[in-house]
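# Structural features, examined
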Amino acid sequence: MKLIGSLTSPYVRKVRIVMAEKKLDYEFVSEDVWSAGTTITESNPLGKVPCLIMEGAESLYDSRVIVEYLDALSPVGKLIPGVGRERAGVKTWEALADGVLDAAILARLEATWAGRSDAQRSSAWIERQLSKVHAALAAMAKDLGEQPYCAGVHLSLADISVGVALGYLDFRFPEIDWRAAHPNLQRLFDKLVQRPSFADTLPP
Ligand code: GSF
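Here's a quick rundown of the structure. Small disclaimer: the values here were computed from a predicted structure and weren't measured.

## Describing helix α4 (residues 123–144)
With 22 residues, α4 should cover 32 Å at 1.5 Å per step; its first-to-last C-alpha distance of 31 Å lies within 8% of that length. Among the residues of α4, those classed as buried are Q129, V133, A136, L137, M140, A141 and L144. With its buried residues spanning 135° around the axis, α4 presents them on a single face. Exposed residues on α4 whose side chains face more than 90 degrees from its buried face are A124, E127 and K142. On its buried side, α4 packs onto α3 (84–112), α5 (157–172), α6 (178–181) and α7 (183–192). With a side-chain oxygen positioned 3.4 Å from the backbone nitrogen of A124, the residue opening α4 is S122. One or two positions beyond α4, positive phi appears at G145, with a value near 55°.

## Examining the nonpolar core
L52, L70, L137 and L169 are the most contacted members of the largest nonpolar core, which has 56 residues in total. Put simply, the parts of the chain that give this core at least two residues each are β1 (2–5), α1 (10–21), β3 (51–53), α2 (63–73), α3, α4, α5 and α7. With nine residues, α5 is the single largest residue contributor to this core. With near-sequence residues (within four places) excluded, L70 lies in contact with M1, V15, V18, M19, K22, L24 and L52.

## Looking at the pairing of β1
On a regular strand, each side chain points to the face opposite its neighbour's, so the side chains alternate between the two faces of the sheet. Where β1 lies against strand β2 (residues 27–30), four bridges are found, and the strand directions are parallel. Bridge assignment links I4 to a residue of β2, and that residue is V29. For the crossover from β1 across α1 to β2, the handedness is right-handed. Pairing of β1 with β3, which is carried by three bridges, proceeds in the antiparallel orientation. Its bridge partner being in β3, L3 is matched across the sheet by L52.

## Describing the site of the ligand
The full set of residues close to the ligand is S9, P10, Y11, V33, W34, G47, K48, V49, P50, D62, S63 and I105. In the model, a nitrogen atom of the ligand is placed 2.8 Å from a nitrogen or oxygen of the V49 main chain. S63 is positioned such that a nitrogen or oxygen atom in its side chain is 2.6 Å from an oxygen atom of the ligand. Computed on the free molecule, the ligand has an accessible area of 540 Å², of which 78% lies beneath the protein chains in the complex.

Criteria and thresholds
- Residues numbered from 1 in each chain as written.
- Predicted model: local features only at pLDDT ≥ 70, side-chain atom pairs only at ≥ 80, totals over all residues.
- Heavy atoms only, no water.
- Helix = DSSP H or I, 4+ residues; strand = E, 2+ residues; numbered from the N terminus.
- Expected span 1.5 Å × (residues − 1).
- Buried < 20%, exposed > 50% of the residue type's maximum accessible area, 1.4 Å probe, protein only.
- Arc of directions from axis to C-beta.
- Contact = heavy atoms within 4.5 Å.
- Polar contact = N/O pair within 3.5 Å; in protein donor to acceptor, adjacent residues only side chain to side chain.
- Core = buried A, V, L, I, M, F, W, Y, C linked by side-chain atoms within 4.5 Å.
- Pairing = 2+ DSSP bridges.
- Right-handed = clockwise from strand over helix to strand, strands pointing away.
- Near = heavy atom within 4 Å.
- Areas by Shrake-Rupley, 256 points an atom, 1.4 Å probe, with all protein chains shown as cover.

What follows is the structure, given as structure tokens:
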């Protein structure tokens, strides 16, 4: 399998962490989707990473589809419950954490994307996106409560997704002091970053 991505993309990091937790081998193909010469649309018409190229050369996207596929590939370290409410619960955690990334990235692009002039940037739009980030952090903290992991007593894709979202905020939004506001998220995060899968995939 080949994983097309960049080392700074949090969605790609989620897939890399899942690969590591599942002990799956793959080749990493670095791609800058923002460069003029990118060939990413040959694999993903949406022009986004991550994109997984399977043995038969078929491609899979997006990160949620890829991690679900990877989890089903091997019984090692199951990350998504098989059926029912537990499964929906873990997938909802993932949607919440990915939603933090979606909103944070929209806010960042609004402020920094070179294709937009300063006059075209909207602080109201940035605030709208950041309010989603803060609301999602509060919901995560409330739902985590005193549990050891998001979905109970075992590591799951929920924790990986939350850890990746918190790590992305540290990387691109260090001014958001989520640790002070939500000490239980810090407790979870401190535990996650000790895992080799997290430590080995820190953004450069
Ligand atoms: C999001 C992928 C994405 O936006 C997923 O895979 O879960 N829902 C998708 N990737 C970004 C890179 S990054 O910001 O992590 C991307 O490829 N953006 C290029 C573009 O043209 O939007």
